[in-house]
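Structural description and commentary
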Amino acid sequence: MFILGIESSCDETSAAVVEMSDGKREIKANIVASQIEVHRLYGGVVPEIASRAHIETISKITYEALDTAGITLSDVGAIGVTAFPGLIGALLVGVNFAKSLAYANGIPLVAVNHVHGHVSAALLSEPSLAPPFLALVVSGGHTSIYKVNSYTDYEEIGSTRDDAVGESFDKVGRVIGLPYPGGAALDKLAYEGDKKAISLPSPAIVGDNLDFSFSGLKTAALNYINQAEQKGEEINKADLAASYTYAVTRAISKKISAAIEQTGMKTLVMAGGVAANSHLRKAVGDVCGAKKVRFVCPPLSLCGDNAAMIAAAAYHEFEKGNFADTSLNASATE
Ligand code: KG4
Ligand code: ZN
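A short tour of the structure in this document, coming up. Please read all numbers here as calculations on a predicted model, not as lab measurements.

The rules behind these values
Residues numbered from 1 in each chain as written. Chains lettered and ligands numbered in written order. Predicted model: local features only at pLDDT ≥ 70, side-chain atom pairs only at ≥ 80, totals over all residues. Heavy atoms only, no water. Helix = DSSP H or I, 4+ residues; strand = E, 2+ residues; numbered from the N terminus. Buried < 20%, exposed > 50% of the residue type's maximum accessible area, 1.4 Å probe, protein only. Contact = heavy atoms within 4.5 Å. Axes fitted to C-alpha atoms, helices over the stretch in contact; angles between N-to-C directions. Parallel < 35°, antiparallel > 145°, perpendicular 65-115°, else oblique. Patch = residues over 30% accessible without salt bridge, like charges linked within 9 Å, V, L, I, M, F, W, Y side chains within 5 Å. Areas by Shrake-Rupley, 256 points an atom, 1.4 Å probe, with all protein chains shown as cover. Salt bridge = Lys/Arg side-chain N within 4 Å of Asp/Glu carboxyl O.

Turning to the environment of leucine 92, a few remarks are in order. Here leucine 92 is to be found in helix α3 (residues 88-105). On the basis of relative accessibility, which here comes to 30%, the residue leucine 92 falls in the partly exposed class. Put simply, leucine 92 and leucine 328 are 236 residues apart on the chain and 9.9 Å apart in space, counted from C-alpha to C-alpha. Sequence-distant contacts of leucine 92, that is, excluding residues within four places in its chain, are made with Asn329 and Ala330.

And the structure:
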């Protein structure tokens, strides 16, 4: 069946068509309209501007996705929309648009958890992937480890207790003058620096848990920058990028290693915008290699926010009979 996916939780408006069945997972169209250039002027996402930009784009790209897929609304078996978590105003645009489209055309509507969507991107890139597996979601808003027991049963076994990893990358990137969002630029810059040059605290919370805290690491990096500024010293940005990235990859590798041991899972999915980080891909891939665990990480095009991943997650909710109706509301939190 064809699923129309709609995503508007943050700063990308996206519409996609995927064809899903028992043996088929195929992306027919995945249109992503990024607002990054607009928000770059402000050094971060401005929620009100994001909502308005979604309104301007959502209808156009939805019909573009249908056209690209070579189908019309009458071929769509279900509409899946990100309903939570995210920026509330941004989410409401997608939710209300999807509700109207579903109601007017008599198409079943499915509410999708954005984080489950990120994990479902791996179903599209790896057609043989099936639960149970472990999933690490690393994005601008999330850092969580899940035991995925079935396509719709996600058990959170670890998470950040404060900031998300992507948010912390972006903050450090902004302070050292990198273009927004700083994550991708820090990734590149880290290759030019010495990862042992600056000693930074680990974001892995000590003890028998699978949790993180990125605010201490972020503050330590900001203090390092401020102190150098006060002394009139120039910091080595590449060393900071390398040391910061090293602190992050080591902590995540440590907790992933513990999660594999605790759960005995034989497959790990890494997803979300920060899964595009080349250092993290290598580090987590190495942990999996050493533990003989299958490592699945979607291609870069499916790591960031996109509606194909939402449609893939929606298919499984649809299969379970989890439908939404016109009373569906968006929620900023999970
Ligand atoms: O999943 P995503 O598109 O949006 C959220 O759901 O949050 O993730 C965006 C995040 C941003 O923080 C961005 O800086 C980060 O992903 N990101 C990266 C890289 N590419 C994107 N972080 C580190 N290294 C990268 N290569
Ligand atoms: Zn996301």
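Bringing the packing of helix α5 (residues 165-175) against helix α8 (residues 237-263) into the picture now. Between α5 and α8, the shortest axis-to-axis distance is 12 Å and the interhelical angle comes to 170 degrees. For the element pair α5 / α8, the angle class is roughly antiparallel. Contacts from Val165, Ser168, Phe169 and Val172 in α5 reach Leu240, Tyr244, Thr245 and Val248 in α8.

With that settled, the discussion passes to the environment of glutamine 227. Take glutamine 227: it is sitting in helix α7 (residues 215-230). What makes glutamine 227 partly exposed here is its relative accessible area of 45%. When the C-alpha positions of glutamine 227 and glutamate 317 are compared, they lie 51 Å apart, and in sequence the two are 90 residues distant.

Taken together, the side chains of Val38, Leu41 and Tyr42 make up a nonpolar region of the molecular surface, amounting to roughly 340 Å² of accessible area. Tracing the backbone shows leucine 41 in the loop between α1 (36-40) and α2 (47-69).

Once that is clear, we can look at the pattern of salt bridges. Here the structure, examined in full by the defined rule, presents twelve salt bridges. In this structure, glutamate 155 engages lysine 147 in a salt bridge whose closest nitrogen and oxygen atoms are separated by 3.9 Å. Given the relative accessible area of 35%, glutamate 155 is considered partly exposed. Among the charged side chains, a network of salt bridges with common partners joins Glu19, Lys24, Glu26 and Lys28.

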